[in-house]
Every structure is written in structure tokens, then in C-alpha cells.
Amino acid sequence: VSLNLTINSSYNSTIPISACDSYNWDGVTYDSSGLYTNIYTGINGCDSIVTLDLTINSSDSLYVSYFSCDPYTWNGNTYTQSGIYTSIFTNVNGCDSIVILDLTIESNFGTTSYMTSCDSYTWLGNTYFVSGLYDSLLTNVNGCDSLVYLNLTINNSTSNNLNILSCDNY
């Protein structure tokens, strides 16, 4: 009696995978690191065990609120208007990181006051006797410089001496 025996062997393997946030394997989405196993039937009819050694790295997101008195440069761009701006970076794990900048820019603005006065006018601690345009640099409530102007008109008083000579009545 002769026996012709063929022994087919099972196949076992481990696949190391790193992914950002989640990984889809055979129709299943995994969002945490771990060992996951699937059993397949090989062409020889034997079971094959495949183990997924999964490492899930997280993406990052960061919200930053910033106030500026002047144009603001961030990530190579100069911003002159308030707004919400985003940039995508790569974190140390190789995953995307979204940084959201909520930027408030207060422009250095000036206001002009128009005043008319007789003989002199005192403004911000200074007394002026001559008409003209005067300015002063102030700091507003947000800590930003603001240039204010005074457009001043000085009207000088006049005095007249009248010499009147009257007899009996005036």
C-alpha cells in the first residue's frame, strides 16, 4: 500500500500599519490602535491568519485668537483685515494639523475735531492762540495708537475805545 500524502500548511502573517485618525481594512473602519485578525481561505483550502498591527495617530486642531493693532504676519502671509484664517501643518506623527486663527485687527485710525474759539483754546493740555491743524498721538482702549486731529479756528477779540464827549445828555 502506498500513500501519497500532501500536507498544505496554513499561512500566518502580521501587517504593521500606521494611519492618521482611522484605517479601513476589509470594509471595517478602525479608529484605535490594536491587533486585529482576519481569517482567509487560501488557494490550497487551508486557513490563513492575517493580523493587522495597527497604530492610529491623531490629527491635531488648534484654535488661536489674536488681536493686533497693525497688519499681522502669520505662516508667511500678511493680513490687514480681521477674519478667520486656517493653515494645515503636519504634526510629529505625520498627520494633518489644522490651526485656526481668529484675527482681530484694529486699524490705527484718526479722528478730526473742528473747533472755533475766541482768543485761545486748550486741547489735551496745550493752549493754542493761533488757528491751524494740530495733531496728537493717543492710545485707545485696546492699546493701539490713534492719531487725532484738531482743526482749530481762533477768532481774536477786538476792543474799541470810544471817546465820547457829551454835554448834558448822551
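Report follows, based on the coordinates. (Residues numbered from 1 in each chain as written. Predicted model: local features only at pLDDT ≥ 70, side-chain atom pairs only at ≥ 80, totals over all residues. Heavy atoms only, no water.)

### Concerning the sheet that holds strand 14 (residues 132–139)
Strands sit in the order 11-15-14 across an open sheet of three strands; the sheet is mixed. Because the sheet does not close on itself, it has two edges, and the strands there are strand 11 (111–118) and strand 14. The mean inter-strand angle of the sheet, taken between neighbouring strand axes irrespective of direction, is 25°. Summarising the sheet, strand 14 and strand 15 (residues 145–155) pair through eight bridges and their orientation is antiparallel. By the bridge assignment, Tyr 134 is partnered in strand 15 with Leu 150. (Pairing = 2+ DSSP bridges. Helix = DSSP H or I, 4+ residues; strand = E, 2+ residues; numbered from the N terminus. Axes fitted to C-alpha atoms, helices over the stretch in contact; angles between N-to-C directions.)

### Comments concerning the environment of Tyr 79
Among the secondary structure elements, Tyr 79 is positioned in strand 8 (residues 77–79). Those residues in contact with Tyr 79 that lie beyond four places of it in its chain are Pro 71, Tyr 72, Trp 74, Tyr 85, Leu 103 and Ile 105. Here Asn 77 takes part through its side chain, which lies 3.4 Å from a polar atom of the side chain of Tyr 79. (Contact = heavy atoms within 4.5 Å. Polar contact = N/O pair within 3.5 Å; in protein donor to acceptor, adjacent residues only side chain to side chain.)

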